Amino acid sequence: MSNIKYSSKRGTASKIKRTVKRPIKKIFLFLNSKSPQLRSFYKEMKLFRRRKRFEKYSNISVDKRLIVFEAFTGLKYADSPKAIYEYMLNSSEYTDYRFVWCLKDRCMDEYLFLEKNDRTRLLLWGSPEYYEAYAKAGYWITNSRINNVFEVKTDQVYVQCWHGTPFKRLGFDIEVSAEDAKNSVDVVKEWYQEDARRYTYMLSPSRYCSEKFISAFNLKEIGKENIIIEEGYPRNDYLINYRQEDIRSIKSRLGISEDKKVILYAPTWRDNQHEKGFGYVYKSPIDFNHFKDVFEDDYVILFRAHYFIASHFDFSEFDGFVIDVSLYSDINDLYLVSDVLITDYSSVFFDFGILKRPIIFYMYDFDYYANDLRGFYLSVDDLPGPVVKTQSELETSLKELSAWAESIEYIKQYEQFTNRFTYLDDGHATERVVKRIFDK
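Residues numbered from 1 in each chain as written. Predicted model: local features only at pLDDT ≥ 70, side-chain atom pairs only at ≥ 80, totals over all residues. Heavy atoms only, no water.

### Some remarks on the overall build of the protein chain
For the protein chain, the helix and strand inventory stands at 16 helices and 15 strands. Going through the 440 residues of the protein chain one by one, you find that 53% of them count as buried. The long-range share in the protein chain, meaning contacts at least 24 apart out of those at least 6 apart in sequence, stands at 70%. Accessible surface computed for the protein chain: about 20900 Å², of which carbon and sulfur atoms make up 48%. (Helix = DSSP H or I, 4+ residues; strand = E, 2+ residues; numbered from the N terminus. Buried < 20%, exposed > 50% of the residue type's maximum accessible area, 1.4 Å probe, protein only. Contact = heavy atoms within 4.5 Å. Areas by Shrake-Rupley, 256 points an atom, 1.4 Å probe, with all protein chains shown as cover.)

Here you go:
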């Protein structure tokens, strides 16, 4: 692989993107919205261009000691790919491996420190070097679907870590879909199938999760039901092995006073809330003005939008009370400093539950989401916390948090949840996963 450094191309590429590519793309997207035929043509042309770029490197020999990592489609250095990378980087057993991280332009600067290690390189997501790396690397390790033009050679290994335990239905398990959803159920199923047919391994944190992955990705039908590595999520080891000084350091970095309790508000995205040419949008159902009046003396709120959401949030009027942490790289840090989680249908509660801290489910649009938009795998009775549908109920739950969290009913509910979903998260999942993949 070439030794071209990302930084040498960044300035020119960014300038071209700002001045030429973005305006042209906006015109195309507008025209696409008016013409289904043009939209289909544009999609096919984009796939053709990507396929040709990848085919250019199809004859490159595979390097079994090269690993390419990607998280959240190049948006972050995080999650299970990060845990696996750091374990291998610091293990004497894997000193002959080299690593590549693929990152998008807007977040590259944040992770330049990774290249301080001489076995690690950063590549710009979507660049020619990016395609070359996927053609050459012996292992692909990611936590979300990757470019569908990438073809796995017989001597390459594709490890799909995924990015959560499913609560809302995925892929082939989706039975309902809103008419105004961005993508039809058939399109979503096609995406999942295209990706799954390439998997060598897929990680799972529980029996429940394995069952849902096999179903959602249609693994049994394509003869891949045995690719599951059910050893826990590597990313969650940190939630077991952290130190108290880690919490103090993270709070200091975020500017959170030691005398304030922390609420992590982490809602998910909605399939039908999408603007052409912009992306998924989200408008919070919480009246932060009223929230501030009631809770400012005791709490700080960390607002964490899903990585799909392109909306920009302005919390300047709530300075010191609401902190937007949507772009913060590793959500595990946010879990550690939070005293309570507020979410809706996001899978974050499975991981946060490892800490045995209170969770409140603010499902203001529950009936619509359940019956018309996506649907769920679990009943609300399976959830380790109260389900509320109005801000008034949400505020009441926060006020009664201490008494509720100490109740026998709550403790029993949490124990059942742990025994079903997080029993493998013991702080050693990364080691087990790495050995399953590489010791062969």
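Next comes the rest of the description.
### Notes on the sheet that holds strand β5 (residues 157-160)
On the basis of which strands lie adjacent, the open sheet formed by 7 strands has the order β3-β2-β1-β4-β5-β6-β7 and parallel pairing. The open sheet has two edge strands with one neighbour each: β3 (120-124) and β7 (228-230). Across this sheet, the average inter-strand angle for adjacent strands is 25 degrees, counted without regard to direction. Judged from the 4 bridges that link them, strand β1 (residues 63-70) and strand β2 (residues 98-103) form a sheet pairing that is parallel. Paired with Phe69 across the bridge in β2 is Trp101. (Pairing = 2+ DSSP bridges. Axes fitted to C-alpha atoms, helices over the stretch in contact; angles between N-to-C directions.)

### Quick word on the pairing of strand β8 (residues 261-266)
Buried residues dominate β8, accounting for 5 of its 6 residues. Bridging between β8 and strand β11 (residues 299-303) involves 5 bridges; their strand directions are parallel. Bridge assignment links Val262 to a residue of β11, and that residue is Val300. The pairing of β8 with strand β13 (residues 340-343) spans 4 bridges and is classified as parallel. Counterpart to Ile263 in the pairing with β13 is Val340.

### Looking at the packing of aromatic side chains
A complete count under the given rule lists 52 aromatic pairs for this structure. The interplanar angle of 85 degrees and the centroid separation of 5.1 Å between the aromatic rings of Trp162 and Phe217 together place this pair among those described as edge-to-face. Residue Trp162 is located in the loop between β5 and α5 (185-196), and its partner Phe217 is located in the loop between α6 (207-216) and β7; the two are separated by 55 residues in the primary sequence. Among the residues examined, Trp162 registers a relative accessible area of 5% and is labelled buried. Under the relative-accessibility criterion, Phe217 is labelled buried at 0%. Ring centres of Phe213 and Phe217 lie 6.0 Å apart, and the angle between their planes is 80 degrees; on these two criteria the pair is classed as edge-to-face. The same class applies to Phe213 and to Phe217, which are both buried. (Phe/Tyr/Trp six-rings, centres within 6.5 Å; stacked < 30°, edge-to-face > 60°.)

### A look at the layout of surface pockets
Considered as a void within the structure, the second largest pocket measures approximately 150 Å³ in volume. Lining the second largest pocket we find Lys261, Phe295, Asp298, Tyr299, Asp339, Leu398, Lys399, Leu401 and Ser402. Of all elements in the fold, only α13 (391-399) and α14 (401-405) reach the threshold of two or more residues within the lining of the second largest pocket. The residue inventory of the lining of the second largest pocket, partitioned by class, reads 4 nonpolar, 1 polar and 4 charged. (1 Å grid on protein atoms, 1.4 Å probe; cavity = no way out; pocket = protein on both sides within 12 Å on 5 of 7 lines; lining within 4 Å. Points joined across faces, edges and corners; volume = space filled by probe spheres on them. Nonpolar A, V, L, I, M, F, W, Y, C, P; charged D, E, K, R; others polar.)

### Focus on the sheet that holds strand β12 (residues 322-324)
Strand pairing in a sheet relies on backbone hydrogen bonds. The paired strands run either parallel or antiparallel. Taken in spatial order, the 6 strands line up as β12-β11-β8-β13-β14-β15 in an open sheet, and their pairing is parallel. Of all the strands in the sheet, the pair left with one neighbour each is β12 and β15 (387-388). This element, helix α9 (residues 288-295), spans β8, β11 and β12 of the sheet and lies at about 150 degrees to β11.

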